[in-house]
Amino acid sequence: MLKVELPLPAQAVVSIESTNSGVALQIRVFFFFFLRFLSPITSVLFGRSFPIGERNIMAMEVTQVLLNAQSIDGAVRKNAEESLKQFQEQNLPVFLVSLSGELANEEKPVETRKLAGLVLKNALDAKEQHRKFELVQRWLSLDSNAKSQIKACLLKTLTSPVSDAHSTASQVIAKVAGIELPHKQWPELIGSLLSNIHQLPAHAKQATLETLGYLCEEVSPDVLDQDQVNKILTAVVQGMSSSEGNIDVRLAATTALYNALGFAQANFSNDMERDYIMRVVCEATLSPEVRIRQAAFECLVSISSTYYEKLAPYIQDIFNITAKAVKEDEEPVALQAIEFWSSICDEEIDILEEYGGDFTGDSDIPCFYFIKQALPALVPMLLETLLKQEEDQDQDEGAWNIAMAGGTCLGLVARTVGDDIVPLVVPFIEENISKPDWRQREGATYAFGSILEGPSPEKLIPLVNVALTFMLGALTKDPSSHVKDTTAWTLGRIFEFLHGSVVDSPIISQANCQQIVTVLLQSMKDTPNVAEKACGALYFLAQGYEEMGPSSPLTPFFQEIVQSLLTVTHREDAVESRLRTAAYETLNEVVRCSTDETAPLVLQLVPVIMMELHNTLEGQKLSSDEREKQSELQGLLCGCLQVIIQKLGSSETTKYAFMQYADQIMGLFLRVFACRSATVHEEAMLAIGALAYATGADFAKYMPEFYRYLEMGLQNFEEYQVCAVTVGVVGDISRALEEKIVPYCDGIMTQLLKNLSSNQLHRSVKPPIFSCFGDIALAVGEYFEKYLMWAMSALQSAAELSTHIAGDDELVEYTNSLRNGILEAYSGIFQGFKNSPKTQLLIPYAPHILQFLDGIYMEKDMDDVVMKTAIGVLGDLADTLGSHAGSMIQQSVSSKDFLNECLSSEDLVIKESAEWAKLAIGRAISV
């Protein structure tokens, strides 16, 4: 027994007693003159005193509090949750020890044990990165005795016969391991888990395998050494073996392998070990237990993407297994079998796009053309799945079944093999498209729609020319809603991939354009799911005419189209099947792609949409559900106004006519900000950015009232997308107002610098903040001097960070985004100070900037966007600093090589920037 004895009239005893039934945690507080004596002592022991709320929970048994936290009585539940929160905040070690003890105690109720484990898990991990970091640091700094007690309780719980208890313990152990193993702590864990597997009852073996699976999910492969990986894989694969009699153990092992596959690089490079793993996985796909079969196919899907290049010896057997599962097995298993081939398609599409079919050069992974080889057998298998539709699949937005999975896979096959798929699918279409059974007609239509991306226009256009009239007829006359839904979707695909400037021989002529528009507008009156697909088809029809010159075949129908779309938005059932959203998105695209001929009609649309938005702002009492729908509608209307403003603001003639509405529109947007919805704020902010661009310096009159909302947006860390959009709008406003932004710069710059230093703000917002520095500097010129030191310090810190980041594709993408933001800031600052007497203030920063450019050039992982901005910064530096920069550029490690590489770029924008930079550098050196 561990006791803390207080030499006072009051004794506080925290005890952990071992009993025959497990570890019983009892937190007892014996007190006499409690308030008088306890606070000073606890302050010495734990660094702070306990508030009365915590004394109360310490006086109670933890079990009761956990039971109360699940009470149906809201007041009781809230009180218990508050007590737990206070206990955690004031005395974390005892709190966590008490939870682990509750979880481990076999005499406690299942519900309190499970909740204790979940609370413990939530004390170790969080979704938000900044919160996760705080929790990790908090655990690492915890008293080692407390951590040892907690870990002992967790390991003990793995042997519990209560599944909720041992399953929760598995997850918590993995969370602790995820924190400790990278710090070389808890080195005995893996050995301890592995020793359990051979000597425990089935439920403990299952829990241990679950733990190993969760652990592999939590830690990265480089944390474990190869010997540990080998032992884990051996234990897991043995647990999957058909000789394992217990179904739950076998399932846990199969799931664990799924999580452990990322660790098996070395094992998959060894022929014997790989053969053994593949044999066991394939055997598991034939298990009598459906959950094991599904988990085994999930392993195969993961193997197909992680170890594509190792699959050749097994691909024929896998085809046989997947074909059998697709034809005969239960849906969850069949879906994973189809997913295997979708995953192979994804791999081969990526390889072919990256290397363009040339595998002689620097390609690490050759393409094995598995899909092309399997085509004669794979396509008929997938076509068969298209006839397994469900009656209500077109009503359920989240529906996913064998027919949908098969069609999706068929689409990926088409993208992988191109023209080769067409002759294999056309007979199926011809055979089924006119059959009396709706399933056959819908399946044939779905097959056609699925193969429209991938094959060449030359191969598809003759088919489309034959099919188009038939499909327009089916969309209006077919008795089946399923068939009409898929027909409208297929027409959308035709217009997306085979209509517009990308196609030499147009499928839409003056003759059939009217019929197409008439049918689509008619279908927009159909059931919500059909109408939504018809809107989508019209969206791509309009988009195809975007680059068709000053006149569009849609011009004669513009007013009718707009009116029909507005009518759709007012349908009582418009909230079903995303119909209202689709109608507004299509209206936006029709407006965006319209020509000057229809500009007067677009202008007439302004007061209509303004009135719609005004109506949503009138004060009526709404339920939470109604308020959510209203917020969504306000967001759609703000988005629509944004597109209209951009369209009318792009030409001087229409801009002048539009300005009569600017004050009223801004007034509406300001009223929208009184609503508390993130979606609406985001859309309204974007629309205001467009308005600032259109109104230019005149936007200054709105700033006194708008500024507080701008500030609120910049402070909105929680809804970080709103914050990101607001940062972008600050840039728009800076460009519009130029020096008129000066009165607001102190507040804006202070908030932006605060945002950069915060670890609570999502990292994706930080690159745009740097770009925004550049916009502000460009707008205010030498007035930026008062912020220069702070901005340059932040830029230097970020620049140093961005040259030392290595990681996965997502991290590389973020790094490039960060670098681009930094470079845009430098560019704006240099251009802002150009021709100013204060140019010399920038000279001390030039060496660091050149060093940064050297660094990113040497790493060779910048994308084209960064390359363009970087060469522009080199030119700006030379252009602004002149002779001061000339010698520094000459001494730079890689400026000359970088310039030459950009000059020979195939990207015309990079090449033009480089040519300008070359001239600027030449001038700077010759001075």
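Remember, predicted model here, so these are calculated numbers, not experimental data. (Residues numbered from 1 in each chain as written. Predicted model: local features only at pLDDT ≥ 70, side-chain atom pairs only at ≥ 80, totals over all residues. Heavy atoms only, no water.)

*Asks:* Report on helix H16 (residues 290-306), specifying residues and quantitative values.
*Replies:* In this model, H16 (17 residues) spans 24 Å end to end at C-alpha, consistent with the 24 Å of a helix rising 1.5 Å per residue. Of the surrounding secondary structure, the elements contacted by the buried residues of H16 are helix H13 (247-260), helix H14 (265-268), helix H15 (271-284), helix H17 (315-328) and helix H18 (331-355). (Helix = DSSP H or I, 4+ residues; strand = E, 2+ residues; numbered from the N terminus. Expected span 1.5 Å × (residues − 1). Contact = heavy atoms within 4.5 Å.)

*Asks:* Break down unusual backbone geometry for me, with residues and values.
*Replies:* Not every positive phi belongs to a glycine, and Trp186 is a case in point at roughly 55°. Its location among the elements puts Trp186 in the loop between helix H9 (163-180) and helix H10 (189-197). Residue Tyr369 is not a glycine yet carries a positive backbone phi of 55°. Mapped onto the secondary structure, Tyr369 falls in the loop between H18 and helix H19 (370-385).

*Asks:* An account of the confidence of the model for the protein is requested, with residue identities and associated values reported.
*Replies:* Averaged over all residues, the pLDDT of the protein equals 87, while 91% of them reach at least 70. Across the protein, element-level confidence peaks in helix H27 (residues 558-569) with a mean pLDDT of 97 and bottoms out in helix H1 (residues 34-46) with 29. (pLDDT = per-residue confidence, 0-100.)

*Asks:* Help me get a handle on the side chain of Arg250, residues and values and all.
*Replies:* Secondary-structure assignment places Arg250 in helix H13. Buried and unpaired, Arg250 has Glu283 as its nearest opposite-charge partner, separated by 5.3 Å. Ignoring any residue separated from it by four or fewer positions in sequence, one finds Arg250 in contact with Gly239, Met240, Ser241, Ser242, Glu244, Glu283, Ala284, Ser287 and Ile292. (Buried < 20%, exposed > 50% of the residue type's maximum accessible area, 1.4 Å probe, protein only. Lys, Arg positive; Asp, Glu negative; His and termini not counted. Salt bridge = Lys/Arg side-chain N within 4 Å of Asp/Glu carboxyl O.)

*Asks:* Would you mind going over helix H26 (residues 528-544) in detail, with residue names and values included?
*Replies:* Here H26 is 17 residues long and its end C-alpha atoms lie 25 Å apart, about the 24 Å a rise of 1.5 Å per residue gives. The element H26 is largely enclosed, with a buried count of 12 among its 17 residues. Residues of H26 that are buried include every one of Pro528, Asn529, Val530, Ala531, Glu532, Ala534, Cys535, Ala537, Leu538, Leu541, Ala542 and Gly544, and no others.

*Asks:* Break down the packing of H26 against helix H28 (residues 579-592) for me, with residues and values.
*Replies:* At a minimum axis distance of 9 Å, the contact between H26 and H28 shows a crossing angle of 15°. When the interaxial angle is binned, H26 and H28 end up roughly parallel. Of the two possible hands of crossing, H26 and H28 adopt the one that is left-handed. Between H26, through Pro528, Ala531, Glu532, Cys535, Gly536, Leu538, Tyr539, Ala542 and Gln543, and H28, the contact on the second element is made entirely by Leu579, Ala582, Ala583, Glu585, Thr586, Glu589, Val590 and Arg592. For the contact of H26 with H28, the residue count by class is 10 nonpolar, three polar and four charged. (Axes fitted to C-alpha atoms, helices over the stretch in contact; angles between N-to-C directions. Parallel < 35°, antiparallel > 145°, perpendicular 65-115°, else oblique. Left-handed = near helix turned anticlockwise from the far one by under 90°. Nonpolar A, V, L, I, M, F, W, Y, C, P; charged D, E, K, R; others polar.)

*Asks:* Would you mind going over the packing of helix H6 (residues 110-122) against H9 in detail, with residue names and values included?
*Replies:* The N-to-C vectors of H6 and H9 enclose an angle of 10°; their axes lie 9 Å apart at closest approach. Taken together, the axes of H6 and H9 lie roughly parallel to each other. Facing Val110, Arg113, Lys114, Gly117, Leu118, Leu120 and Lys121 of H6, the residues of H9 in contact are Asp164, Ala165, Thr168, Gln171, Val172 and Lys175. When the residues that make up the contact of H6 with H9 are grouped by side-chain class, the tally is five nonpolar, three polar and five charged.

*Asks:* Let's hear about the nonpolar core: which residues, and what values?
*Replies:* With 306 residues, the main nonpolar core has Trp341, Val413, Phe699, Phe706 and Phe784 as its most contacted residues. For Phe784, the residues in contact, after removing those within four places along its chain, are Met749, Phe773, Ile776, Ala777, Ala791, Ile829 and Phe833. (Core = buried A, V, L, I, M, F, W, Y, C linked by side-chain atoms within 4.5 Å.)

*Asks:* So what's going on with the environment of Thr598? Residues and values would help.
*Replies:* One can find Thr598 in the loop between H28 and helix H29 (599-617). Overall, Thr598 belongs to the buried group, its relative accessible area being 2%. Spatially, the C-alpha atoms of Thr598 and Thr555 are 6.7 Å apart, while their sequence positions differ by 43 residues. Excluding residues within four positions of it along the chain, Thr598 makes contact with Thr555 and Phe558. Here the side chain of Thr598 touches Thr595 through a polar contact of 3.0 Å, landing on its backbone oxygen. (Polar contact = N/O pair within 3.5 Å; in protein donor to acceptor, adjacent residues only side chain to side chain.)

*Asks:* I'd like to hear about the packing of aromatic side chains, residue by residue, with values.
*Replies:* One pass over the structure, following the stated rule, counts 19 aromatic pairs. Seen from their ring centres, Tyr707 and Tyr744 are 5.4 Å apart, and the 35° between their planes marks the pair as tilted. Of this pair, Tyr707 sits in helix H34 (residues 703-714) while Tyr744 is found in helix H36 (residues 742-757), placing the two residues 37 residues apart along the sequence. Since its relative accessible area comes to 17%, Tyr744 is described here as buried. The ring of Tyr369 has Lys372 sitting right over it, with the charged end atom 6.0 Å from the ring centre. In this structure, Arg763 is placed above the aromatic ring of Tyr814, and the distance from its NZ or CZ to the ring centre is 4.5 Å. (Phe/Tyr/Trp six-rings, centres within 6.5 Å; stacked < 30°, edge-to-face > 60°. Lys NZ or Arg CZ within 6 Å of the ring centre and 35° of its normal.)

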